[in-house]
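# Breakdown of the fold
So you can see what is in the structure, the chains are spelled out below.
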Amino acid sequence: MDIIADILLAAGALGAGFYCLVLSRRLKRFNDLEKGVGGAVAVLSAQVDDLNKSLQSAQQVSDGSSKALQQLTGRAESVAQRLELMMASMHDIPEAETAPTSAAAADEDAAMAAALDAAAETQEEAKSSGLMFVRHNRSQNRVA
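What counts and what doesn't
- Residues numbered from 1 in each chain as written.
- Predicted model: local features only at pLDDT ≥ 70, side-chain atom pairs only at ≥ 80, totals over all residues.
- Heavy atoms only, no water.
- Helix = DSSP H or I, 4+ residues; strand = E, 2+ residues; numbered from the N terminus.
- Buried < 20%, exposed > 50% of the residue type's maximum accessible area, 1.4 Å probe, protein only.
- Areas by Shrake-Rupley, 256 points an atom, 1.4 Å probe, with all protein chains shown as cover.
- Contact = heavy atoms within 4.5 Å.
- Patch = residues over 30% accessible without salt bridge, like charges linked within 9 Å, V, L, I, M, F, W, Y side chains within 5 Å.
- Salt bridge = Lys/Arg side-chain N within 4 Å of Asp/Glu carboxyl O.
- Expected span 1.5 Å × (residues − 1).
- Lys, Arg positive; Asp, Glu negative; His and termini not counted.
- Charge placed at Lys NZ, Arg CZ, Asp CG, Glu CD.
- pLDDT = per-residue confidence, 0-100.

### Considering the overall build of the protein chain
The number of helices and strands found in the protein chain is four helices and zero strands. The proportion of buried residues among the 144 residues of the protein chain is 3%. Per element, the accessible surface of the protein chain, about 13,400 Å² overall, is 61% carbon and sulfur.

Have a look at this one:
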């Protein structure tokens, strides 16, 4: 009976040793830095570090933008106050009379009116004769 007990004890020890060997190999593959969970943890740790750095730089940029925006807002408020003062002071100034038109401007206005009258006559002729397209004679439309 002792021999059978010793054989069973040796078989159990060999089975436990083999089971430990299999578990050891699985644990090595699990913690492998290239393929296993260890690699994934290492990659995620590196990504967390990169994200922290980018977050800090984004915070610095936003702080700088906030300060610049505050400065611009302050300048805009001061300019708005000055404009309000200018507008208020403009109400105190009497309205200026309209300046008479010069002779050259009057001649130019008369020439434009004559050109518009000639164009209107041409359009009226085209409508009455039933033409779709009217050829404009440029020499007649030019007024010196």
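Continuing now.
### Focus: the environment of Asp-32
Of note, Asp-32 is situated in the loop between α1 (2-30) and α2 (37-92). Looking at Asp-32, the relative accessible area reads 30%, which means it is partly exposed. Leaving out residues up to four positions away in the same chain, Asp-32 has contacts with Gly-38 and Gly-39.

### A look at a nonpolar patch on the surface
Taken together, the side chains of Leu-27, Phe-30, Val-37 and Val-41 make up a nonpolar region of the molecular surface, amounting to roughly 370 Å² of accessible area. Looking at the secondary structure, you find Val-37 in helix α2.

### Section: α1
With 29 residues, α1 ought to run about 42 Å at 1.5 Å a step, and its terminal C-alpha atoms sit 41 Å apart, in line with that. Counting buried positions along α1 yields zero of 29 residues, so the element is predominantly exposed.

### As for a positive patch on the surface
Together, Arg-25, Arg-26, Lys-28 and Arg-29 line one region of the surface with positive charge. Among the secondary structure elements, Arg-25 is positioned in helix α1. A relative accessible area of 53% means that Arg-25 is categorised as exposed.

### Topic: the confidence of the model for the protein chain
When the pLDDT values of the protein chain are averaged, the result is 80; 76% of them are 70 or greater. The element-level mean pLDDT for the protein chain is lowest in helix α4 (residues 138-141), coming to 53, with α1 highest at 92.

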